[in-house]
Amino acid sequence: MDEYDLIRSRRRTLALEITEDCRIVVRAPRTLSRVYIDSYVEKHAAWIRRHMEIQRRRADARPPAPTEAELAMLKARAQEVLPPKIAYWSGKMGVSPTGFRVTTARRRYGSCSAKNSLCFSCFLMNYPDAAIELVVVHELCHIREKNHGPRFYAMLACYLPDYKERKKLLQ
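First things first, this report covers the structure right here in the doc. (Residues numbered from 1 in each chain as written. Predicted model: local features only at pLDDT ≥ 70, side-chain atom pairs only at ≥ 80, totals over all residues. Heavy atoms only, no water.)

So, on to the packing of helix α3 (residues 68-93) against helix α4 (residues 129-144). Running from N to C, α3 and α4 point in directions that differ by 50°, and their axes come no closer than 10 Å. Regarding the angle of α3 to α4, the classification is oblique. Considering how the two elements wind past one another, α3 and α4 form a crossing that is right-handed. Residues Leu82, Lys85, Ile86, Trp89, Ser90 and Met93 of α3 lie in contact with α4, whose contacting residues are Asp129, Ile132, Glu133, Val136, Val137, Leu140, Cys141 and Arg144. Across the contact of α3 with α4, the residue classes break down as 9 nonpolar, 1 polar and 4 charged. (Axes fitted to C-alpha atoms, helices over the stretch in contact; angles between N-to-C directions. Helix = DSSP H or I, 4+ residues; strand = E, 2+ residues; numbered from the N terminus. Parallel < 35°, antiparallel > 145°, perpendicular 65-115°, else oblique. Left-handed = near helix turned anticlockwise from the far one by under 90°. Contact = heavy atoms within 4.5 Å. Nonpolar A, V, L, I, M, F, W, Y, C, P; charged D, E, K, R; others polar.)

Written out as structure tokens, the structure is:
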């Protein structure tokens, strides 16, 4: 049987996860016996093998992690490129963000806090200008509409009628 990391919590069900670094994680209720958990993992061995192989292929296809110098360059470029876009679109949309930061987030290109502070990933700088503009306008829309409901997308379409095509550039 494969080795796995066990995380116990107040949950009611068992869950299997294959992480990006190809570790097996089992999430289980606190009271569930180790024998039952081992049996569950054994029963799902085929699923584990299949998904482990998928993760390995993804890991092989993933570009190497950027160096500190590359991160610094991306952050500097973001600090240069984003403020004029934020200023332009803020004026056009009639909204006022309370702040702006650049992070090294990998799973999210931008966010807008409850206090209307904007945050952007430096990795956004690896995409075309149209995609960068989409993320800026998307986050500025969140100043008025905090969710992704129909009114949010109507507002986004009002400012960027081609937002669906632009979104494809981010994938």
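Take the pattern of salt bridges next. Pairing is possible between side chains that carry opposite charge, provided their charged atoms lie close to one another. Summed over all chains, the structure comprises 10 salt bridges. Across the pair Asp5 and Arg23 runs a salt bridge, and its minimum N-O distance is 2.3 Å. Separated by 18 residues along the polypeptide, Asp5 in strand β1 (residues 5-9) and Arg23 in the loop between β2 (15-18) and β3 (24-29) bring together distant segments of the chain. Accessibility expressed as a relative area gives 38% for Arg23, which makes it partly exposed. In this structure, Asp129 engages Lys85 in a salt bridge whose closest nitrogen and oxygen atoms are separated by 2.7 Å. You can see Asp129 sitting in helix α4 and its partner Lys85 sitting in helix α3, a full 44 residues away along the chain. (Salt bridge = Lys/Arg side-chain N within 4 Å of Asp/Glu carboxyl O. Buried < 20%, exposed > 50% of the residue type's maximum accessible area, 1.4 Å probe, protein only.)

A rise of 1.5 Å per residue sets the reference length of helix α2 (residues 45-61), with its 17 residues, at 24 Å; its end C-alpha atoms lie 24 Å apart and thus fit the reference within 8%. Burial in α2 covers these residues: Ala45, Ile48, Met52 and Gln55. With its buried residues spanning 85° around the axis, α2 presents them on a single face. Residues Arg57, Arg58 and Ala61 are exposed on α2 and point more than 90 degrees away from its buried face. Packed against the buried residues of α2 are β2, β3 and α1 (34-43). (Expected span 1.5 Å × (residues − 1). Arc of directions from axis to C-beta.)

Further remarks concern the sheet that holds strand β6 (residues 117-121). Judged by pairing direction, the sheet is mixed, and its 3 strands sit side by side in the order β4-β6-β5 without closing on themselves. The open sheet terminates on both sides in strands that have one partner only, identified here as β4 (99-103) and β5 (110-112). Taken pair by pair, the neighbouring strands of this sheet meet at an average axis angle of 15°, ignoring direction. In the sheet, β5 pairs with β6 via 3 bridges, with the strands oriented antiparallel. (Pairing = 2+ DSSP bridges.)

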